[in-house]
Amino acid sequence: MSNIDPAFSLFSRVKVGPGRSAGYRMGNLKLLEELRASGAVVYENVRYDSVYVTDRPGLDEAFAHGVPVMHLGQVDGVRAVLDRYPAQWLTVLLWCPREITESRSTGRADADTPARLAAWDATRADLDANPDFSFDLTIRTDEVGHEAAAAQIRQALTAPRADGDLVLIDFDDTLVDRLAAVTTWVADYCSGHGLGPKAEQRMLEAMRIRADLDVIEGLCTELGLPESANELWSRYEPELASSVQPFPGVTDALTAVREAGHQVVVVTNGGARIQSAKLSASGITDVVDAACISGAIGVRKPELGIFEAAAASVGRHLGQGGWMIGDNADLDVVGGRNAGLRTIWISHGRKWPGPDGAKPDSIAQDAVEALAHIAGGAR
């Protein structure tokens, strides 16, 4: 591959154990335990009394310098990399019949021909044991030369994909800056009605995550607000909707994902009327394929039903896989994982708050970064 394009280079796994060191990043048991403890192991297997590790830091560095070419001899290893390290992976099966393998080995006078045939048998058994896994590209190495095979791989990797992913994405504080809009609205309301900083702080505290008529009624009673709950709510809905703005770059990022062939559905908790108004006023409605609002269907994140409804809204089903992007660890990441989706958590500079067992597949600073990850071919 590197002869065709120098951007391609063989990925060197971490090896812990005896034997050949060429082509590996040699490590020790201490390094292995550190990688395991930090969750940096993408895949590991044991062969010939050694442990071979595909690690996240190594892949990060490899992708930063070009296109890594990874050799994995087990379907489980391929699955692990696809599932645990989202990227524009292309899976390739290099194949030839057993008799060709034997002929090549004996023709070179290899001393380990029986071991090579045993490896062929083990690979055939592994493929037979995973009939549901299909490679993106299969190349018969007895029919296609090295250079032609490399050219086929490069062409397949760079060609646009015909079928895009389902991309589900949260709305409030993922695509639009709801918190900023609520903060401004509360400050303006308190200033206009002569309410002090304590009342402003209490209103913002109650409304920052979720605001509905019940929340407003509670605030009216607690703070003795000058309007009834119905009057205040009838003002709040349209005023907030008109002030909510997408985060910078979000509209273009959504457009780019759809142009890459993916289907995008907003999945949001909230009342049907106010969420619909915010989606429309912010312009998000115009750059996504559909929106699924909990208040409209009677199911909220993280329940499975809302993800099922979102997929169905564009003719998909969750069994086809896809992505869930959002800023809430429980609603978006845990909910998305339970729905069988790959997940990207929007950190906004925060540290991951959830348990390690529920970690997202990827963490992005904001929605623009997350969407660019998918538009760039992450799988």
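This structure is a prediction, so every number in the text was calculated from the model and none was measured.

*Asks:* Tell me what's going on with the pairing of strand β11 (residues 290-293), and back it up with residues and numbers.
*Replies:* For strand β10 (residues 263-268) and β11, the ladder comprises four bridges, and the chain directions are parallel. Considered in β11, the bridge of V267 is made with C292. Where the polypeptide runs from β10 across helix α12 (residues 272-282) and back to β11, its parallel neighbour, the crossover connection is right-handed.

*Asks:* Explain the pairing of strand β13 (residues 342-346) to me, and be specific about the residues and the numbers.
*Replies:* Counting buried positions along β13 yields five of five residues, so the element is predominantly enclosed. Of the two faces of β13, both are covered, the one formed by R342, I344 and I346 as well as the one formed by T343 and W345. Pairing of strand β12 (residues 323-326) with β13 involves four bridges; the strand directions are parallel. The partner of I325 across the bridge, within β13, is I344. When β13 meets strand β14 (residues 362-364), the two strands line up parallel, connected through three bridges. Among the inter-strand pairings, I344 is bridged to a residue of β14, identified as S362.

*Asks:* An account of the packing of aromatic side chains is requested, with residue identities and associated values reported.
*Replies:* Inspection of every chain in the model, using the stated rule, returns seven aromatic pairs. An angle of 40 degrees between the planes, with centres 5.1 Å apart, marks the rings of W95 and W120 as tilted. Taken as a pair, W95 in strand β7 (residues 92-95) and W120 in helix α5 (residues 113-128) lie far apart in primary sequence, 25 residues in all. In this structure W95 comes out as buried when scored by relative accessible area, which is 16%.

*Asks:* Go over unusual backbone geometry with me, naming the residues and quoting the values.
*Replies:* That bond from K301 to P302 is cis: its omega, 15 degrees, falls within 30 degrees of zero. With respect to the element layout, P302 can be found in the loop between α13 (294-297) and α14 (304-312). Positive phi outside glycine occurs at A109, with the angle close to 60 degrees. Looking at where A109 falls in the secondary structure, it is placed in the loop between α4 (98-107) and α5. Residues other than glycine seldom take positive phi values, yet H348 does so here, at roughly 50 degrees. Looking at where H348 falls in the secondary structure, it is placed in the loop between β13 and β14.

*Asks:* Before we move on, could you go through α14 and cite the residues and values that matter?
*Replies:* Taken together, the buried positions of α14 are occupied by I306, F307, A310 and A311. Projected down its long axis, α14 shows its buried positions confined to an angular sector of 135 degrees, all on one face. Tucked inside the fold, the buried residues of α14 contact β9 (166-169), β10, β11, α13, β12 and α15 (329-338).

*Asks:* Hey, could you go over the pattern of salt bridges for me, with residue numbers and the actual values?
*Replies:* The full count for this structure, using the stated rule, is 21 salt bridges. Note that R36 is salt-bridged to E33, the shortest N-O span being 2.9 Å. In this pair, R36 and E33 both sit in helix α1 (residues 29-37), three residues apart, roughly one turn of the helix. Look at R36 and you get partly exposed, because its relative accessible area is 37%. E33 sits in the partly exposed class, given a relative accessible area of 45%. For R202, the salt bridge is made with E205, and the minimal N-O distance between the two is 2.9 Å. Here E205 and R202 lie together in helix α8 (residues 197-207), a separation of three residues that amounts to about one turn. Three or more residues are tied together by salt bridges with common partners; here these are R108, D110, D112 and R116.

Calculation criteria
- Residues numbered from 1 in each chain as written.
- Predicted model: local features only at pLDDT ≥ 70, side-chain atom pairs only at ≥ 80, totals over all residues.
- Heavy atoms only, no water.
- Pairing = 2+ DSSP bridges.
- Helix = DSSP H or I, 4+ residues; strand = E, 2+ residues; numbered from the N terminus.
- Right-handed = clockwise from strand over helix to strand, strands pointing away.
- Buried < 20%, exposed > 50% of the residue type's maximum accessible area, 1.4 Å probe, protein only.
- Phe/Tyr/Trp six-rings, centres within 6.5 Å; stacked < 30°, edge-to-face > 60°.
- Arc of directions from axis to C-beta.
- Contact = heavy atoms within 4.5 Å.
- Salt bridge = Lys/Arg side-chain N within 4 Å of Asp/Glu carboxyl O.

In short, the description is geometric, and any link to function would need to be established separately.
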